[in-house]
Amino acid sequence: MIVGILAACSSPPPLPPESPANAPPPATPPAASAAPPGAGSSRWVPVDWSELPGFADDDLFEAWNAWIKSCARPGPAFAALCGDVRRLSIAEPAEQRAWMVARLRPYRIEAADGRADGLLTAYYEPVIPAARRPGTGYSVPLYAAPAGLGTRRPWYTRQQIETLPEAQAALRGREIAWLADPVEAMVLHIQGSGRLRIAEPDGSVRLVRLAYAGTNDQPYGSIGRWLLDQGLVRDATWPGIRAWLAANPQRVNELMWSNPRYVFFREEPLSPADAAWGPRGAQGVELTPGRSIAVDRNSIPYGTPVWLASSGPQVSLQRLVLAQDTGSAIVGAVRADYFAGWGPDAGEIAGRLKQPLRLWALWPK
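Keep in mind the model is a prediction, meaning the values are calculated, not measured. (Residues numbered from 1 in each chain as written. Predicted model: local features only at pLDDT ≥ 70, side-chain atom pairs only at ≥ 80, totals over all residues. Heavy atoms only, no water.)

**Q** Can you break down the pattern of salt bridges residue by residue, with the values?
**A** Two side chains carrying opposite charge are able to pair once their charged atoms lie near each other. Applying the stated criterion across every chain yields a total of 21 salt bridges. Close ionic contact of Glu-286 with Arg-280 constitutes a salt bridge, the shortest N to O distance being 3.5 Å. Its relative accessible area of 19% is what places Glu-286 among the buried residues. If you follow the salt bridges from partner to partner, you end up with Arg-43, Glu-51, Arg-108 and Glu-110 in one network. (Salt bridge = Lys/Arg side-chain N within 4 Å of Asp/Glu carboxyl O. Buried < 20%, exposed > 50% of the residue type's maximum accessible area, 1.4 Å probe, protein only.)

**Q** How would you explain the pairing of strand S11 (residues 305-311) if you had to name every residue and give the values?
**A** Of all seven residues that make up S11, six are buried, and the element is covered over most of its length. Sheet analysis places S11 next to strand S12 (residues 316-325), joined by seven bridges and oriented antiparallel. Bridge pairing links Val-306 to Val-321 in S12. Between S11 and S12, which pair antiparallel and follow one another directly, the connecting turn spans four residues. As judged from the four bridges shared by S11 and strand S14 (residues 354-364), these two strands associate in the antiparallel manner. Paired with Ala-309 across the bridge in S14 is Arg-358. (Helix = DSSP H or I, 4+ residues; strand = E, 2+ residues; numbered from the N terminus. Pairing = 2+ DSSP bridges.)

**Q** Pulling in residues and values, what's your account of empty space enclosed by the protein?
**A** Applying the stated criterion across every chain yields a total of one cavity of 30 Å³ or more. Space inside the largest cavity adds up to approximately 40 Å³. Partitioned by chemical class, the residues of the lining of the largest cavity number five nonpolar, four polar and no charged. (1 Å grid on protein atoms, 1.4 Å probe; cavity = no way out; pocket = protein on both sides within 12 Å on 5 of 7 lines; lining within 4 Å. Points joined across faces, edges and corners; volume = space filled by probe spheres on them. Nonpolar A, V, L, I, M, F, W, Y, C, P; charged D, E, K, R; others polar.)

**Q** Quick rundown of the pairing of strand S8 (residues 205-215)? Include the residues and the values.
**A** Relative to S8, strand S7 (residues 194-199) is paired through six bridges, and the arrangement is antiparallel. By the bridge assignment for S8, Ala-199 is matched with Val-205. Joining the antiparallel neighbours S7 and S8 is a turn of five residues, in which Gly-203 adopts a positive phi near 95°. Bridging between S8 and strand S9 (residues 263-269) involves seven bridges; their strand directions are antiparallel. If you follow Arg-209 over to S9, its bridge partner there is Glu-268.

**Q** Describe the side chain of Arg-209, and please don't skip the residues or the numbers.
**A** Along the chain, the position of Arg-209 falls in strand S8. Setting aside anything within four residues of it in sequence, one finds Arg-209 in contact with Glu-125, Gly-194, Arg-195, Arg-266, Glu-267, Glu-268, Leu-270, Asp-274, Trp-277, Gly-278 and Pro-279. (Contact = heavy atoms within 4.5 Å.)

**Q** Kindly report on the nonpolar core, identifying the contributing residues and their values.
**A** The biggest cluster of nonpolar side chains holds 67 residues, and the ones touching the most others in it are Trp-67 and Met-100. Sequence-distant contacts of Trp-67, defined by excluding residues within four places in its chain, comprise Val-85, Trp-99, Met-100, Leu-104, Pro-305, Leu-320 and Leu-322. Grouped together as the second largest cluster of nonpolar side chains are 16 residues, Leu-142, Ala-177, Ile-198 and Leu-210 included. (Core = buried A, V, L, I, M, F, W, Y, C linked by side-chain atoms within 4.5 Å.)

**Q** Give a description of unusual backbone geometry that names residues and reports values.
**A** Trans peptide bonds make up the majority, and among non-glycine residues the majority have a negative phi. Put simply, Arg-153 and Pro-154 share a cis peptide bond, and its omega is -10°. Summarising the element assignment, Pro-154 is placed in the loop between strand S5 (140-143) and helix H4 (158-163). With a phi angle near 50°, Thr-136 is a residue other than glycine that sits in the positive phi range. Phi is positive for Asp-217, close to 65°, though the residue is something other than glycine. Mapped onto the elements, Asp-217 comes out in the loop between S8 and helix H7 (223-229).

Dropping the structure here:
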């Protein structure tokens, strides 16, 4: 969802096709056919495996772990394959590739008008210091969903939540933790989940995860777009936004209130085993850094293995990923949000990644 804060840009140029070395022998692909179930907003064009750039070179180990996660909640089309997926988890990449060629068929994902080029962005889990109680610099609350949230649609706006007594009364006692920086809180709201290093009252520090629990159903407003429209910045990435706020601290509320949407969270324990994975995506399984993507569910069903190719100034990717999540800004046939992981390095990728994309769905024969 980080794409919501970035400036809109012109359509990216298509990526040139590549022919991977050591790819399976080419075959004549069948003619374009109707999309598999769940792909109603896109065109799925069957192609040969040789069209997938880098297919012979990807180290599939991490992707296979993500696929096993998807098999905890597989879609109907993939349930029958999960026994093989688990069995092949310790196989060599060559054996895994051969199995994919034997059991799956690649489909190039296109928009309804036939465009095969799209947009890749990224998201991540921020890791933020927090406290259980306000004070000593911690003044920005993070809330659990209020009682009766669904009975009033839409709920109060961000500005009303922070200024109206009746909205604040509805949230009293729902505070999960407090942050020191309103910008960090906005990052958490945009990403939809994150990790908190919470200073407990006994002096210990506990790592917990805040997972998405709902919104106020107000429209999303990009604070980066607001700054651009006001002519206040030319760089609407997070570094640019932070630089503007540092120079204009008196306008923090004005900027934050330009986004009426407000996100509520639930706290989840984070064991050492849990910490090795991302939050649960919309498919209901834990996300794998670098191997999970958010997609438009109307284009690609959850749990679908996808070949992703993207090249730009931030990163070059040619790899197997799994469609395991979605987001309000992830709309369109050739559109993906790449889960980069957690922490500052992942945040740097998520804050800047915006580049051309091509996708191929791998569907059972």
